Every structure is written in structure tokens, then in C-alpha cells.
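Descriptive structure summary
Listed below are the residues making up each chain.
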Amino acid sequence: SIFLFVYRIVEPDTAIDRANDVVRVKIPDSPVQMLTSNTDTNQIKYYYFCTVDHQDCMYMNNTLFKNLANEMKIESFDFFEFVDVENLYGDWTPAKLKSVWGFESYPALVAAKGSANAPEILNVLEWTETTPLDESSIKNWMILNELWNGSADETGELIDKPIGE
């Protein structure tokens, strides 16, 4: 029928693509091992905490990241290390994630250096029920972390700090 044909055209994505061309996330065999494998304690790493089948994560990957990459005229954000939160919960309770990594809800972006058991958290951007992430908040987080190479507003002026700080 015509209805089914139209629906198939506008049908929403139902899962995050593990080989997403925008984020190009690195999905390790063991997320806990990846978190504990940082040997250069002075190197800043950028973590993307999410899970592959969570609706907010799918929206962030398939819409927000894709739009920001288009705005920057790049194909992918290679600087993120994906951490599948679902696989962490056996070893990392939500309370431990909050006390060690500084967030309690996801998706979350974390800039950190040091070891995973005692990281120095530089800053965190997390999705909450009352403040979901949008392109502006992610862009401002990238500016704060010197990851953004595009303009930050319509005038082309770079914003030094995220709005609200």
C-alpha cells in the first residue's frame, strides 16, 4: 500500500551503527579494560559514554553528531573513545561512575587524563531528563576542549566558554 511505502521512506533508524561514519567509535572487547589501559597519564582523552541501543544515544549519534560534523565539514569525530555503559554496569555501578567519572546519566562526554581507576576529570557534559543535549551544548563542550574547528555562532565568532559557565 502507499502508506507502507511512505512509512519506509521516513522510517526512523532503530539502532546505532557500530561502525558509524560520524563518530567512528572504538568499541573494545572489554570496556573496563579499555578504561584501565591508558598508560600515558598526562594525555587528555575524550570519552563518549553511551550504549548502542539507547534512544538518546541513537539520537545523539545519528542526528547531533552528524549535523555537527557537517557543520565542521568533516567526515567523523575520531577523537572520541566509545564506552558502552551497558557493559560497564557489572563492574562499575552508577554510584561509582558518578564518583569516579563525574556523571550519572548518559549519553555523556568526558574529558579526562590519568588512569581509569583514578582519572582527573577535566569536564563532563551529560544528558539528563531535564537538560537533554543539543548541538549547541555539544559544540560548546568541543570548544572548551579545543576540539571544534568551525565557527560557534552565526557571526563566525568563537565562544570561549560554554554558555552558562
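Look up a bit, the structure's there.
A quick note: this is a predicted structure, and the numbers were derived from the prediction, not measured. (Residues numbered from 1 in each chain as written. Predicted model: local features only at pLDDT ≥ 70, side-chain atom pairs only at ≥ 80, totals over all residues. Heavy atoms only, no water.)

**Description of the sheet that holds strand β3 (residues 108-113)**
Test applied: Any two strands are treated as partners once DSSP identifies two or more bridges connecting them. By the criteria applied, helices consist of DSSP H or I runs no shorter than four residues and strands consist of E runs no shorter than two, each listed in order from the N terminus. An axis is simply a line fitted to the C-alpha atoms; with a helix, the fit covers only the stretch in contact. Between two such axes, the angle follows the N-to-C directions and lies from 0 to 180 degrees. Contacts are assigned to residue pairs with any non-hydrogen atoms lying within 4.5 Å of each other.
Within the open sheet, the 4 strands sit side by side as β2-β1-β3-β4. Their pairing is mixed. The strands lining the two open edges of the sheet, one partner per strand, are β2 (80-84) and β4 (120-126). With direction set aside, neighbouring strand axes in the sheet form an average angle of 25 degrees. Here 5 bridges tie strand β1 (residues 45-50) to β3, and the two strands are oriented antiparallel to one another. Across the sheet, residue Tyr-46 finds its bridge partner in β3, namely Ala-111. This element, helix α6 (residues 135-144), spans β1, β2, β3 and β4 of the sheet and lies at about 165 degrees to β4.

**Considerations on the packing of aromatic side chains**
Put simply, the rule is: Each Phe, Tyr or Trp ring, with Trp reduced to its six-membered ring, pairs with another whose centre is within 6.5 Å; inter-plane angles below 30 degrees give stacked pairs, above 60 give edge-to-face pairs, and intermediate values give tilted ones. Buried residues are those whose accessible area, probed at 1.4 Å on protein chains only, stays under 20% of the maximum for their type, while exposed residues exceed 50% and partly exposed ones sit between those limits.
Inspection of every chain in the model, using the stated rule, returns 16 aromatic pairs. Geometrically, the ring pair formed by Phe-49 and Phe-103 is tilted, given 4.7 Å between the ring centres and 50 degrees between the ring planes. Note that Phe-49 is positioned in strand β1 and Phe-103 in the loop between α5 (94-101) and β3, a separation of 54 residues in sequence. For the pair formed by Phe-49 and Phe-103, the shared burial category is buried. With a centroid separation of 5.7 Å and an interplanar angle of 70 degrees, the aromatic rings of Phe-65 and Phe-77 are classed as edge-to-face. Here Phe-77 lies in the loop between α3 (55-72) and β2 and Phe-65 lies in helix α3, a separation of 12 residues in the sequence. Phe-77 gets classed as buried once you look at its relative accessible area, which sits at 0%.

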